[in-house]
Number of protein chains: 2
Amino acid sequence: VNITIVGAGLAGSFLALCLGQRGEHRIDIYDRLPDPTAATGDRSSMNLGLSRRGLEALEHVGLRDTVQASAVPMRGRLVHDKNGRLRFTPYGDGGILAIGRDDLSATLVRAAGELPGVTFHFGLRCIDVDKELPAARFVDKQAGGEFVAPSDIVIGADGVFSVVRRAMHHRELAAYRQDYLEWGWRELTIGPGPDGSHRMAADVFHLWPRGDSMVFAHPNRDGSFTCTCVLPLRGASGPEPLASVDDVETHFRELFPDLLRLAPDIADQCLRRPTTHLLSIRTSPWHHDSKVVLVGDACHAVYPFLAQGMNAAFEDCIELDKCLRTHARDRPAAFAAYQQARKRNTDALAELSERNFSELRDTARSRLVRLEKACDTRLERLLGGRWMPLHSMVTNTTMPYAQAEQQAKRQRLLLGLLGSSLTVAAGVPIGRGLLSTARSGRRRTR
Amino acid sequence: VNITIVGAGLAGSFLALCLGQRGEHRIDIYDRLPDPTAATGDRSSMNLGLSRRGLEALEHVGLRDTVQASAVPMRGRLVHDKNGRLRFTPYGDGGILAIGRDDLSATLVRAAGELPGVTFHFGLRCIDVDKELPAARFVDKQAGGEFVAPSDIVIGADGVFSVVRRAMHHRELAAYRQDYLEWGWRELTIGPGPDGSHRMAADVFHLWPRGDSMVFAHPNRDGSFTCTCVLPLRGASGPEPLASVDDVETHFRELFPDLLRLAPDIADQCLRRPTTHLLSIRTSPWHHDSKVVLVGDACHAVYPFLAQGMNAAFEDCIELDKCLRTHARDRPAAFAAYQQARKRNTDALAELSERNFSELRDTARSRLVRLEKACDTRLERLLGGRWMPLHSMVTNTTMPYAQAEQQAKRQRLLLGLLGSSLTVAAGVPIGRGLLSTARSGRRRTR
């Protein structure tokens, strides 16, 4: 079978690995960006969280050890409060690995490119797909010409603004939902100390929650930290917050004085960096006939606060490969089975990621959210495997997201009941607090 | 102020009336279709339900009497069950008027066209909007040329596939949600009897609920009925249901034998008519700066089963006109206030319309849904103004939709509690039934 994959990011190149290892297909994979394995100066330092799901997926394609060797393990979350006090929550079993996006991307492209039948084409931007042939049309960004690549299957791994998705849904009955947050983020860096070592603990995820804005940081192997600064899109003083040196300096001095000490140029960095928006996308169908199918952000972009986007995309690829083998003679059935297996889980992940954002924000504001988290952790210790905080189910297991959502819902209900009983039994006001927290946890961010 | 309105359907021409009556604006209104006031042969017979909100809106522009004179009043809903038995539910206060879409459209265009400063342009299709100038670009369907109309404000009243909305949201941070039902509809006609009179009661809305498919009929003044046949998009036997004469005849013989008697050619009509899809759209923002704004289906298409699409669009127009007057010197504030006032209500309407579809379907299947409806009606009589079925709040009042939704939610809860108490008090199984019905009523159709 001739397969065209549009997008050679993490999802596309991982899919090329899954499909290519079977040796049955001829796979051409295209990307508008240059080859990530060719060293260039201006690579982004963006960092991703690789958790259990992602690791098992990498194991599936034989890359777990390679990737693990270049990642930084984080054994828990360290919250920095406004007065500089620290609060540590362990991630438990396995933890999360911080990995540079570009490193991982290069590893995947190199491994897939070595497979017979897999060919990468860089610097080619997809501008349209004929979903009936099917064929993808590309424009050569350097040379300027256009060309058409016909094949048996076109796979859209081209991310949140997927051209494949748009072409596939054109004039079809499709459901589509796009939400965004009133917050955006900018990427900042805390450089290494004078001796090249990390300026803070290097084996944890750092979080500075401050209600309407927050910063978090992943450790890098070179002694630096990659920080993500999340802030409201509209400032008090105008449509763009932090637009002037004064704004930025005041912002950091008031909310993140310790960050200013760690990286005196952080205000300056913040001014120079563009704001990235936060989009969530749910859609259906994920495929057209036997000819076009989507994976990763192209069919289910989620807010990044649970750090599961990549992990979920890898799960897609493995499932798609599996369905194509199970339904080898009926490709529409294979695609339908793939969507059937994945969509309820990625819908659940979207839901959980929305909720997690509110929770991260409220960690700063609400003692009740913290209390609930503490109960959660204590009950896990008390009840062992029968009780697991949502974050653990998402991060430390490969339990389907929809199942994790269901179990978390049951646990929240139990926690509420427990709170009420305590109130009744002891007359303490804690129960009402827990109940109302459980309720507000269910509210959705729009 | 120079205003361009794109779309001279019900929303656009009603808006031209609202804005034009102030005599302060120069309004140009464009539509891709020909002039509805010029008599043509092939007009659709589509029928709409005009309820309290719509009538008050028409009163606002001085057209209530004119429109009322050409409409057919319906005083309630008559359900035809599978065995030909009839069940009548009065609409209460005022009822609903059945009105031909084209008649109403012609009335609005005629009235607006007489206002100084309002000019209609037909046969011109909008293909793009420059939201910064702003200016709309049109193509002349007959002559073939293109031209650009610059103005101070471009208003998108161009329906569910709004070109104005698409252009306005291009490269902006926008939320957009499009859902569809796995059902579509075809329009059928029951002709008048041999003496020109109606073949069924002419003062009611007729409904044949049959679970997965249903038919409803509005009376026309000429003795005919316009029927809407709702059916699943995928048949048991293939992707398109009712694609062959056999399919159709079996379908009607089994489910709607009385309809076959009333209109022997109904199977034939059903085969010839195209299937129309059912789309629901929620989006935000509704406006761009001081330059572009949306009304009606362009910003909130809903499923038609509550018959409120037109009524809600009229409410939009009146609110927009009001906000433009209140914030005469700050147009962005006017547009923001308009969206603020309307969106939560049209969101509630979208929600209610989705739910109403499931309810209409289940009227056939579930005795519990019927029981709940009966309780609802009885409580209204018992408690007077303090209890009102949802349908009455939507149809017989101008209570904002969001408020109607809230009150209906409270009532459903009370009905559930009442049911439980009855169960406890009398040991009858009715309570559980009501509770589970109330719960399933909250489930959403996707």
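(A) Structural detail: the pairing of strand E3 (residues 47–50) of chain A. Residues and elements named next belong to chain A. On E3, burial covers both faces: Asn47 and Gly49 on one face and Leu48 and Leu50 on the other are all buried. Pairing analysis gives four bridges linking E3 to strand E7 (residues 96–100), with the strands arranged antiparallel. Its bridge partner being in E7, Leu50 is matched across the sheet by Leu97.

(B) Representation of helix H4 (residues 101–113) of chain A within the structure. All names here are of chain A. The end-to-end C-alpha distance of H4, which contains 13 residues, comes to 18 Å, matching closely the 18 Å that a straight helix rising 1.5 Å per residue would cover. Those residues of H4 not exposed but buried are Asp102, Leu104, Ser105, Ala106, Thr107, Leu108, Val109, Ala111 and Ala112. Contacts made by the buried residues of H4 are with helix H1 (10–20), helix H2 (52–60), helix H3 (64–69), E7, strand E8 (118–122) and helix H10 (309–326).

(C) Quick peek at the packing of aromatic side chains. Residues and elements named next belong to chain A. On inspection of all chains with the given rule, the structure shows 21 aromatic pairs over all chains. Aromatic side chains Phe120 and Phe122 sit 5.7 Å apart centroid to centroid with 5 degrees between the ring planes, which places their arrangement in the stacked category. Here Phe122 falls in the partly exposed class, since its relative accessible area comes to 22%. Here the aromatic cluster, defined as three or more aromatic residues joined through ring pairs, consists of Tyr30, Phe138 and Phe147. Over the ring of Tyr401 we find Arg53; its NZ or CZ atom is 4.1 Å from the centre of that ring.

(D) Highlighting the packing of H2(A) against H10(A). Residue and element names in this part refer to chain A. For the pair H2 and H10, the least separation of the axes is 8 Å and the interaxial angle reads 40 degrees. The pairing of H2 with H10 is recorded here as oblique in orientation. When the axes of H2 and H10 are compared, the crossing they make is left-handed. Residues Arg53, Gly54, Ala57, Leu58 and His60 of H2 pack against Asn311, Phe314, Glu315 and Ile318 of H10. Class assignment of the residues belonging to the contact of H2 with H10 gives a composition of four nonpolar, three polar and two charged.

(E) Up close: the interface of chain B and chain A. Tallying the contact residues gives 12 residues for chain B and 12 residues for chain A. Between chain B and chain A lies a buried interface of about 1,100 Å² when both sides are counted; carbon and sulfur atoms form 61% of it. At the junction of chain B with chain A, the criterion picks out zero salt bridges. For the interface between chain B and chain A, the tally reads four residue pairs in polar contact (both at pLDDT 80 or more). If you list the elements that add at least two residues to the side of chain B that touches chain A, you get strand E13 (175–190) and strand E17 (276–284) of chain B. With seven residues, the top contributor of residues to the side of chain B that touches chain A is E13(B). The pairing of strand E13 (residues 175–190) of chain A with E13(B) spans three bridges and is classified as antiparallel. Directly across from Arg177(A), in E13(B), lies its bridge partner Arg177(B).

(F) Representation of the relation of the copies chain B and chain A in the model. Of the transformation placing chain B onto chain A, the axial shift is 0.0 Å and the rotation is 180 degrees, giving an RMSD of 0.0 Å. Within this description, the copies of the chain are treated as partners about a two-fold rotation axis. Residues of chain B ranked by C-alpha distance from the rotation axis are headed by Arg177(B), positioned 2.0 Å from it. When the interface residues of chain B are mapped onto chain A, 100% of them again lie at the interface, so the same face is used by both copies.

(G) Just the environment of Gln68(B), in detail. Residue and element names in this part refer to chain B. Mapped onto the elements, Gln68 comes out in helix H3 (residues 64–69). For the pair Gln68 and Ser224, spaced 156 residues apart in sequence, the C-alpha separation works out to 18 Å. When near neighbours in sequence (up to four residues on either side) are disregarded, Gln68 contacts Leu55 and Leu97.

(H) Structural context of the pairing of strand E6 (residues 86–90) of chain A. Residues and elements named next belong to chain A. Both strand E5 (residues 76–80) and E6 contribute to a ladder of five bridges, which runs antiparallel. Across the sheet, residue Arg77 finds its bridge partner in E6, namely Thr89. Where E5 folds back on E6, the antiparallel hairpin that results is connected by five residues, among which Gly84 adopts a positive phi of roughly 85 degrees.

(I) Molecular detail of the sheet that holds strand E3 (residues 47–50) of chain B. Residues and elements named next belong to chain B. The three strands lie next to each other as E3-E7-E4, forming an open sheet whose pairing is antiparallel. Looking along the sheet, the strands with just one partner apiece sit at the ends: E3 and strand E4 (72–74). Strand-to-strand twist across the sheet, computed as the mean angle between neighbouring axes with direction ignored, equals 35 degrees. Here E4 pairs with strand E7 (residues 96–100) via three bridges, running antiparallel. Bridging from a neighbouring strand, Met74 pairs with Ile96 of E7. Sitting on the sheet, helix H4 (residues 101–113) touches E3 and E7, and the angle it makes with E7 is about 80 degrees.

(J) Geometry of the packing of H1(A) against H4(A). Residues and elements named next belong to chain A. Taken N-terminus to C-terminus, the directions of H1 and H4 make an angle of 25 degrees; their axes are 9 Å apart at the nearest point. The orientation of H1 relative to H4 falls into the category roughly parallel. Here the hand of the crossing between H1 and H4 comes out left-handed. Of H4, the residues touching H1 (which contributes Leu10, Ser13, Phe14, Ala16 and Leu17) are Arg101, Leu104, Ser105, Leu108, Val109, Ala111 and Ala112. For the contact of H1 with H4, a count of residues per class yields nine nonpolar, two polar and one charged.

(K) Local environment of the sheet that holds strand E19 (residues 292–294) of chain B. Residues and elements named next belong to chain B. Pairing is mixed in the open sheet, where six strands are placed in the order E8-E2-E1-E12-E19-E18. The sheet terminates laterally at strand E8 (118–122) and strand E18 (287–288), the two strands that pair on one side only. Against the sheet, helix H1 (residues 10–20) contacts strand E1 (2–6), strand E2 (26–31), E8 and strand E12 (153–156), and its axis sits at roughly 175 degrees relative to E2.

About the thresholds
- Residues numbered from 1 in each chain as written.
- Chains lettered and ligands numbered in written order.
- Predicted model: local features only at pLDDT ≥ 70, side-chain atom pairs only at ≥ 80, totals over all residues.
- Heavy atoms only, no water.
- Buried < 20%, exposed > 50% of the residue type's maximum accessible area, 1.4 Å probe, protein only.
- Helix = DSSP H or I, 4+ residues; strand = E, 2+ residues; numbered from the N terminus.
- Pairing = 2+ DSSP bridges.
- Expected span 1.5 Å × (residues − 1).
- Contact = heavy atoms within 4.5 Å.
- Phe/Tyr/Trp six-rings, centres within 6.5 Å; stacked < 30°, edge-to-face > 60°.
- Lys NZ or Arg CZ within 6 Å of the ring centre and 35° of its normal.
- Axes fitted to C-alpha atoms, helices over the stretch in contact; angles between N-to-C directions.
- Parallel < 35°, antiparallel > 145°, perpendicular 65-115°, else oblique.
- Left-handed = near helix turned anticlockwise from the far one by under 90°.
- Nonpolar A, V, L, I, M, F, W, Y, C, P; charged D, E, K, R; others polar.
- Buried area = accessible area lost by both parts, 1.4 Å probe.
- Salt bridge = Lys/Arg side-chain N within 4 Å of Asp/Glu carboxyl O.
- Polar contact = N/O pair within 3.5 Å; in protein donor to acceptor, adjacent residues only side chain to side chain.
- Least-squares fit on C-alpha atoms with pLDDT ≥ 70 in both.

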